[in-house]
Amino acid sequence: MTETLIDKRARLLGPNIPTFYDDPVHLVKGEGVWLWDKDGRKYLDCYNNVPHVGHCHPKVVEAICKQAGTLNTHTRYLHDGIVDYAERLTATFDASLDNVLMTCTGSEANDVALRMAQAVTGNTGVIATDYTYHGNTMAVAQLSQTKPPIGGYWDNMAFVPAPDSYRPLGGEAGMAHARAFAAAVEEKIAELQAKGHGLSALVICPFFANEGFPDLPHGWLTPAIDAVRRAGGVIIADEVQPGFGRLGSHFWGHERMGFLPEIVTVGKPMANGHPVGAVIAGHDTMAAFRNAFAYFNTFGGNPVSMAACLATLDVIQSEGLQDNAQQVGAYAKTSLQQLADRHDSIGDVRGAGLFFGAEMVLDRDSKTPAPEYTKRVANGMRQRGVLMNFLGRNRNVLKMRPPLVFSRANVDQVIETLDTVLTETPVTE
Ligand code: PMP
């Protein structure tokens, strides 16, 4: 009997590489918003935020190939690529965020950011939300509530309830919810201070992407941020998911929320699939980090990665993809809201730009989450050729985050397919 690819993965890779869907997709090719499996079947990619400007964008492919054929080295030589990119990247931020440290992943970037926060504040306490993910290093995994760490959470880590606009803390949405969140942050600051850790940072995704992307008004985070600054802490904005124009109205998630972080981390979409991450901060923060830690990254900022980053940023800007995210994203959200008129299982429609989705419930009055049903819907969509997934504390938020070249016709296909799948999937657990 021939061994299937799934069996071969299990034999050779062990259990550590999970796949999506009950029937995992075996992909062989990508182009724009499209993916093809080994049998030639075509899928619409609604989920994959890594190929930000579209799968195998020719300009990014060309830049990578050209640089790989010219020079690639570790990062201890002089090379134009890293400074050219740092100049272009910092130009997208407030002038106070003027230095870049390159890494290879978002996890590394967050790990460095935690150490930078320690270096500038002299404190070690960290606050994050109680349902999030910031990466996979030992320190960052402490903030990623997928499974409790062996030995428990470190004493200097503290968690506040992840914001949920559909079921707001304190019962009232908007700024009342913001003040309840800030009160929870203040409580954790006091606990960290009492334990002698003090506060180094609040680590936050400004879109709360992994928490289920709640609908929060501009300024919502300000009361919590004020509390952090009063305690001498800094804000680390994890822009790994919402950054680089995806949200449409703004290039960065923190701009959309109306605050300025001391440290920003980025990753996933920044090189269209090539593994790259970065930390962006002010010169003084970088200098404090340099004084406190000896840091070197063999691959972070290598010439090929920088060529991929530069080409990706060029395409975002020259093809007007932030604007496309805003226009097509608004159309997608409206279309999803119209679909909610026909399907009671859609409890809440949320999102910004090309990051949108719906919270699925058994019953709108009780807002009872429907995780098993949501999973069946995501699998049904996959069977019908549209790739999306689900997340959130209750595992019941359908999440769509397609490449930024997504069109209105693509949205129509998603909505029509979702209509069919919701009609044929019984709303049960
Ligand atoms: N931060 C956030 C918000 C993420 O969602 C992720 C990855 N899902 C990471 C950091 C880690 O990035 P990476 O997998 O590149 O290490």
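Residues numbered from 1 in each chain as written. Predicted model: local features only at pLDDT ≥ 70, side-chain atom pairs only at ≥ 80, totals over all residues.

As annotated in an unreviewed UniProt entry, the chain carries the name 4-aminobutyrate aminotransferase and comes from Thalassovita litoralis. If you open the UniProt record of the chain and go to Sequence similarities (unreviewed entry), you find "Belongs to the class-III pyridoxal-phosphate-dependent aminotransferase family." (UniProt positions renumbered as here; feature names shortened; annotations may be inferred.)

**Details of the overall build of the chain**
Secondary structure assignment for the chain yields 13 helices and 16 strands. Since a compact globule built from 429 residues should have a radius of gyration of about 22 Å, the 22 Å found for the chain is in line with a globular shape. In terms of overall dimensions, the chain has C-alpha extents of about 60 × 60 × 45 Å along its principal axes. Counting over 429 residues, the chain shows a buried share of 51%. (Helix = DSSP H or I, 4+ residues; strand = E, 2+ residues; numbered from the N terminus. Rg over C-alpha atoms; globule rule 2.2 N^0.38 Å. Buried ≥ 20, exposed ≤ 12 C-beta atoms within 10 Å, placed from the backbone.)

**A look at helix 4 (residues 106-121)**
Taking 1.5 Å as the rise per residue, helix 4 with 16 residues should run 22 Å; its terminal C-alpha atoms sit 22 Å apart, in good agreement. A large share of helix 4 lies buried, amounting to 13 of its 16 residues. Trailing helix 4 by a residue or two, Gly 122 shows a phi angle of about 75 degrees, which is positive. (Expected span 1.5 Å × (residues − 1).)

**Some details on the site of the ligand**
Neighbouring the ligand are 17 residues, the closest being Thr 105, Gly 106, Ser 107, Gly 135 and Val 240. Counting residues per element, the shell around the ligand draws most heavily on helix 4, at three residues. The residue makeup of the shell around the ligand, split by class, is four nonpolar, 11 polar and two charged. (Near = placed C-beta within 6 Å. Nonpolar A, V, L, I, M, F, W, Y, C, P; charged D, E, K, R; others polar.)

**Regarding the packing of helix 6 (residues 175-194) against helix 7 (residues 222-230)**
How two helices sit against one another is set out by the angle between their axes and by the gap between those axes. Packing of helix 6 against helix 7 leaves a shortest axis separation of 7 Å and a crossing angle of 20 degrees. With respect to helix 7, the element helix 6 is oriented roughly parallel. Pair helix 6 / helix 7 crosses with right-handed handedness. Taken together, the residues of helix 7 that come into contact with helix 6 (itself represented by Ala 178, Arg 179, Phe 181, Ala 182, Val 185, Glu 186 and Ile 189) are Pro 223, Ala 224, Ala 227 and Val 228. Its residues assigned to classes, the contact of helix 6 with helix 7 comprises nine nonpolar, no polar and two charged. (Axes fitted to C-alpha atoms, helices over the stretch in contact; angles between N-to-C directions. Parallel < 35°, antiparallel > 145°, perpendicular 65-115°, else oblique. Left-handed = near helix turned anticlockwise from the far one by under 90°. Contact = placed C-beta atoms within 7 Å.)

**Considering the domain arrangement of the chain**
Once the domains are mapped, the chain shows domain 1 (5-53 + 320-424) and domain 2 (59-318). The C-alpha-based centres of domain 1 and domain 2 are spaced at 25 Å. Each partner contributes to the interface: domain 1 provides 26 residues, whereas domain 2 provides 29 residues. Looking at the side of domain 1 that touches domain 2, the elements with two or more residues in it are helix 11 (321-342), strand 11 (346-352) and strand 12 (355-363). Residue composition of the side of domain 1 that touches domain 2, by class: 11 nonpolar, 10 polar and five charged. (Domains from an automatic or database assignment.)

**Quick word on the pairing of strand 12**
The buried count for strand 12 comes to seven of nine residues, which makes it a mostly enclosed element. Strand direction decides the pairing type here: strand 11 and strand 12, joined by six bridges, are antiparallel. Paired with Ala 352 across the two strands is Phe 355, which belongs to strand 12. Counted between consecutive antiparallel strands, the loop separating strand 11 from strand 12 contains two residues, among which Gly 353 sits at a positive phi close to 55 degrees. (Pairing = 2+ DSSP bridges.)

**Let's talk about the sheet that holds strand 14 (residues 386-387)**
In spatial order, the strands read 1-2-3-14; together these four strands make up an open sheet with mixed pairing. One side of each edge strand has no neighbouring strand; the edge strands of this open sheet are strand 1 (27-31) and strand 14.

**Section: the nonpolar core**
Among the nonpolar cores identified, the biggest contains 127 residues, and Val 185, Ile 235 and Val 279 are the most heavily contacted of them. Split by domain, this core shows at least three residues from each of two domains, domain 1 (5-53 + 320-424) and domain 2 (59-318). In this structure Ile 235 touches Ala 201, Leu 202, Ile 204, Ile 225, Val 228, Phe 259, Pro 261 and Glu 262, once residues within four positions along its chain are discounted. (Core = buried A, V, L, I, M, F, W, Y, C linked by C-beta atoms within 7 Å.)

**Quick word on the sheet that holds strand 8 (residues 234-238)**
What links the strands of a sheet is backbone hydrogen bonding, and the strands pair in either a parallel or an antiparallel sense. If you trace the seven strands from one edge of the open sheet to the other, you get 4-10-9-8-7-5-6, paired in mixed fashion. The strands lining the two open edges of the sheet, one partner per strand, are strand 4 (99-103) and strand 6 (157-160). Averaged over all pairs of adjacent strands, the angle between their axes in this sheet comes to 20 degrees, without regard to strand direction. Examined bridge by bridge, strand 9 (residues 263-266) and strand 10 (residues 277-281) share four bridges and lie antiparallel to one another. The residue bridging Ile 263 from the neighbouring strand is Ala 281, located in strand 10. Across the sheet, helix 6 touches strand 5 (125-129), strand 6 and strand 7 (199-204), and the angle it forms with strand 6 is around 160 degrees. Packing of helix 9 (residues 283-292) onto the sheet brings it into contact with strand 4, strand 9 and strand 10, and relative to strand 4 it is tilted by some 50 degrees.

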